Amino acid sequence: MDADYAFPAYDVAAPDWRRRALGLARRLAKAAIDTLYPPTCLACRAATEAHGALCPRCWSAMRFIERPYCERLGTPFEQDLGEGLLSPQAMADPPVFARARAVARFEDGPARRLVHRLKYSDRADLARPIGRWMARAGADILADADCLAPVPLHPLRLWRRRFNQAAMLAREVARATGKPCDVNALIRVKATHSQVGLSRAQRAENVQGAFKVADGARVKGLNVVLVDDVLTSGATANAASRALIRAGAKRVDVLVFARVVTGG
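Keep in mind the model is a prediction, meaning the values are calculated, not measured. (Residues numbered from 1 in each chain as written. Predicted model: local features only at pLDDT ≥ 70, side-chain atom pairs only at ≥ 80, totals over all residues. Heavy atoms only, no water.)

**Considering the overall build of the protein chain**
Secondary structure assignment for the protein chain yields ten helices and six strands. For the protein chain, the proportion of its 264 residues judged to be buried stands at 45%. When contacts within the protein chain are restricted to residue pairs at least 6 apart in sequence, long-range pairs at least 24 apart make up 68% of them. When the accessible surface of the protein chain is split by element, carbon and sulfur atoms take 54% of a total near 14,400 Å². (Helix = DSSP H or I, 4+ residues; strand = E, 2+ residues; numbered from the N terminus. Buried < 20%, exposed > 50% of the residue type's maximum accessible area, 1.4 Å probe, protein only. Contact = heavy atoms within 4.5 Å. Areas by Shrake-Rupley, 256 points an atom, 1.4 Å probe, with all protein chains shown as cover.)

Next comes the structure, spelled out in structure tokens:
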């Protein structure tokens, strides 16, 4: 639990005794919460100094994506060759979306564990800290975004899983940035097979025509940021972006927590 959300901020116009009392109550409440629920690492559950954090070991193991990276795909470069550069993949096979940003590489380690715990282990509490990281990683594409839209699940899969992790992350990014979020802007009209084990071409074919913009959703003329947990081949992001652009979106960017990076 984050104590910042448990108590109101100090009222600067309040008497000194009241501000001191609020401060004392806040510290006592935090101490009580930490005693009942000691802070643990989000990824490995080792002891940490604060809630919603990684332990030093997991923090060091997390391969964060930082500049320099491809301006289009957000994939990191090994060397800094200047701003605004595109990767060979982005030039040879440009995506439907304009730009993609991610917090970290999706590989064995803390990033993969966090994704799996959020998606498969009912760890809804992970959405807030992950959403904050995403807001920072996507600051440039969020700056002029008009709305956020999560990648939807098909109704049957949503019924089985009971929640859409992309929608949870989109809400937390919206909370951190103040940007509007429409969790129902996109709908999944095709029950696709799992993308695991499929080739790049098979992935693209699997999700072709899988999405449409919901009736009454306002995306025409807007800069939309599409939100998901993981970006792999980009097939799902491309299919969802195509649906948004066909409905009149001015531009679609993609923001995820983790992305697959090949060749490095």
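**Describing the side chain of Glu-71**
Tracing the chain through its elements places Glu-71 in the loop between helix H2 (56–61) and helix H3 (88–92). By relative accessible area, Glu-71 is classed as buried at 18%. Separated by 2.4 Å, the side chains of Glu-71 and Arg-67 make a polar contact. When residues no more than four places from it in sequence are discounted, the contact partners of Glu-71 are Gly-84, Leu-85, Leu-86, Arg-99 and Arg-101. (Polar contact = N/O pair within 3.5 Å; in protein donor to acceptor, adjacent residues only side chain to side chain.)

**Looking at the sheet that holds strand S2 (residues 147–150)**
One open sheet holds the four strands; their spatial order is S1-S6-S5-S2, and the pairing between them is parallel. Both edges of this open sheet fall to strand S1 (100–105) and S2, since each of them pairs with a single strand only. Ignoring strand direction, the axes of neighbouring strands in this sheet form an average angle of 20 degrees. Note that S1 and strand S6 (residues 251–259) share five bridges and pair parallel. In the sheet register, Ala-100 faces S6, and the bridge partner there is Val-254. (Pairing = 2+ DSSP bridges. Axes fitted to C-alpha atoms, helices over the stretch in contact; angles between N-to-C directions.)

**Considerations on the nonpolar core**
One recurring pattern in soluble globular proteins is that nonpolar side chains are buried together. Residues Leu-54, Leu-114, Ile-130, Trp-133, Met-134 and Phe-257 are the most contacted members of the largest nonpolar core, which totals 36 residues. Going through the elements one at a time, S1, helix H4 (110–120), helix H5 (127–137), helix H6 (139–142), helix H8 (165–177), strand S5 (223–231) and S6 are the ones with two or more residues in this core. The residues touching Leu-54, leaving out its near neighbours within four places in the chain, are Cys-41, Leu-42, Ala-43, Thr-48, Trp-59, Met-62, Leu-114 and Trp-133. Counting residues in each nonpolar core, the second largest holds 33 residues, with Tyr-69, Ala-243, Ala-249 and Val-261 among its members. (Core = buried A, V, L, I, M, F, W, Y, C linked by side-chain atoms within 4.5 Å.)

**Brief notes about unusual backbone geometry**
With the exception of glycine, the majority of residues adopt a negative phi angle, and the majority of peptide bonds are in the trans configuration. That bond from Arg-67 to Pro-68 is cis: its omega, 10 degrees, falls within 30 degrees of zero. Inspection of the secondary structure assignment puts Pro-68 in the loop between H2 and H3. Unlike most non-glycine residues, Asp-122 shows phi in positive territory, near 55 degrees.

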